[in-house]
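For reference, the chains in residue letters:
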Amino acid sequence: MSKNIKAVIPAAGFGTRFLPLTKAQPKEMLSVVDRPTIQWVVEEALDAGITDILIITGRGKRAIENHFDRSIELESALEKAGKHDELAKIRKVSELANIHYIRQKTQNGLGDAVLCAKQHVGDSPFVVMLGDTICQGTPNCTSGLIEIYEEYNSSVFAVMDVLSSETDRYGIIDGKIIDENIWHVSQMIEKPEPKAAPSNLGILGRYLFTPDLFEYQSQVVSGVKGEIQLTDAMSLMAEKTKMLAWRFPGKRFDIGTLEDWFKAHTDLVLDSQWGSDFSKWLNKRKI
Ligand code: G1P
């Protein structure tokens, strides 16, 4: 079903909150457990049945392309050394998906990055998956959005409850609940002060849009922080067409903050093959 849906992964931001860690490497390449953040995102798209993936990069993001590409020298060195397990691991990454890249020339904000995908996406519905955000759940967040899109035939994006004191970190929605965990959205405000927030439902970084999003995005001028915001295009779109928000029941980590990065490591290690040893070590440490 999802074969016509393409994925757009914006990964062009500077990662200023992580400096100096992100001085020489993209924040999307920061590792969580055993793989870079952006690989978690690509794997979520693949799990949702999406095979056409476009990553929006920028200057200083070459490591992302190298990560998903083959590394012939390394492969032949591993082969010569008889390191077959390691060889299989790196080959697996380069065979994960056929990934396309477009560079955003100036960092003008998320909306501008998404607009770079217009020609590649064409007339298909598409998902936008923030390259610094890991979501975990069943169904996975992107699959859940596809299911809702197929049922309601309208654009839909994922939200989560955010603390009232933290509304100024998110796009916040206003709307009416129409089904369990589903809202018909009337408007969105990007990063409102707590007093101005219409709810505590924050946009978490997974979206599914019909292609008319691009028309609205082209009308948007710079907004909050002087950047071209995706939320502003979504708000224009919600005035004209039905737009839904889905409260994602799983976990979400924003690898744009150190605190969430640490939490993602701890949480996802506990779910991994290293979980039981790590948990024993953590318990001992408490004593
Ligand atoms: C972006 C979006 C915002 C959303 C957030 C989720 O903001 O503009 O609406 O809530 O991602 O992480 P950013 O975190 O890039 O400032």
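The structure under discussion appears in the preceding block.
A brief structural summary. (Residues numbered from 1 in each chain as written. Predicted model: local features only at pLDDT ≥ 70, side-chain atom pairs only at ≥ 80, totals over all residues. Heavy atoms only, no water.)

### Points about the site of the ligand
Here is step 1: In the neighbourhood of the ligand, the contacting residues comprise Leu110, Leu130, Tyr170, Gly171, Glu190, Lys191, Ile203, Gln229, Thr231 and Arg252.
Here is step 2: Between the ligand and Arg252 there is a distance of 2.9 Å, counted from an oxygen atom to a side-chain nitrogen or oxygen.
Here is step 3: Coverage of the ligand by the protein amounts to 85% of the 380 Å² it exposes when considered alone.
Here is step 4: Because more than half of its atoms lie within 2 Å of the grid, the ligand is assigned to the largest pocket. (Near = heavy atom within 4 Å. Polar contact = N/O pair within 3.5 Å; in protein donor to acceptor, adjacent residues only side chain to side chain. Areas by Shrake-Rupley, 256 points an atom, 1.4 Å probe, with all protein chains shown as cover. 1 Å grid on protein atoms, 1.4 Å probe; cavity = no way out; pocket = protein on both sides within 12 Å on 5 of 7 lines; lining within 4 Å. Sits in = over half its atoms within 2 Å of the grid points.)

### Remarks on helix H1 (residues 37-47)
Here is step 1: In terms of burial, H1 is largely enclosed, as nine of its 11 residues are buried.
Here is step 2: Every buried residue belonging to H1 is among Thr37, Ile38, Gln39, Trp40, Val41, Val42, Glu43, Glu44 and Ala45, and all of these are buried. (Buried < 20%, exposed > 50% of the residue type's maximum accessible area, 1.4 Å probe, protein only. Helix = DSSP H or I, 4+ residues; strand = E, 2+ residues; numbered from the N terminus.)

### Considering the state of the cysteines
Here is step 1: One pass over the structure, following the stated rule, counts zero disulfides.
Here is step 2: Note on Cys135: no disulfide assigned, nearest cysteine sulfur contributed by Cys141 at a separation of 4.4 Å.
Here is step 3: On the basis of relative accessibility, which here comes to 4%, the residue Cys135 falls in the buried class. (Disulfide = S-S within 2.5 Å.)

### Side note on a negative patch on the surface
Here is step 1: On the surface, Glu147, Glu150, Glu151, Asp179 and Glu180 cluster together into a negatively charged patch.
Here is step 2: Among the elements that make up the negative patch, the one with the highest residue count is helix H7 (residues 141-152) (three residues).
Here is step 3: Summarising the element assignment, Glu180 is placed in the loop between strand S9 (171-179) and strand S10 (182-190).
Here is step 4: Assessed through its relative accessible area of 67%, Glu180 is described here as exposed. (Patch = residues over 30% accessible without salt bridge, like charges linked within 9 Å, V, L, I, M, F, W, Y side chains within 5 Å. Salt bridge = Lys/Arg side-chain N within 4 Å of Asp/Glu carboxyl O. Lys, Arg positive; Asp, Glu negative; His and termini not counted. Charge placed at Lys NZ, Arg CZ, Asp CG, Glu CD.)

### Section: a nonpolar patch on the surface
Here is step 1: On the surface, Leu21, Leu258 and Phe262 cluster together into a nonpolar patch covering about 270 Å² of accessible area.
Here is step 2: Tracing the backbone shows Leu258 in helix H10 (residues 258-270).

### Looking at unusual backbone geometry
Here is step 1: A cis geometry characterises the amide bond from Leu19 onward to Pro20, with omega recorded as 10°.
Here is step 2: Position of Pro20 relative to the elements: it lies in the loop between strand S1 (6-10) and strand S2 (31-32).
Here is step 3: A cis amide bond links Thr138 with the next residue in sequence, Pro139, at an omega value of 0°.
Here is step 4: Among the secondary structure elements, Pro139 is positioned in the loop between strand S7 (133-136) and H7.
Here is step 5: At Asn153, a residue that is not glycine, the phi angle is positive and equals roughly 55°.
Here is step 6: You can call Asn153 exposed: its relative accessible area is 59%.
Here is step 7: Despite not being glycine, Asn181 shows a phi value in the positive range, around 65°.
Here is step 8: Here Asn181 shows up in the loop between S9 and S10.

### Re the layout of surface pockets
Here is step 1: Taken as a whole, the largest pocket encloses approximately 950 Å³ of empty space.
Here is step 2: Breaking the lining of the largest pocket down by element, the ones donating at least two residues are helix H5 (110-115), strand S11 (201-209), helix H9 (230-240) and strand S13 (251-254).
Here is step 3: Among the elements that line the lining of the largest pocket, the one with the most residues is S11, at four residues.
Here is step 4: Among the residues making up the lining of the largest pocket, the classes are represented as 13 nonpolar, 14 polar and 12 charged. (Points joined across faces, edges and corners; volume = space filled by probe spheres on them. Nonpolar A, V, L, I, M, F, W, Y, C, P; charged D, E, K, R; others polar.)

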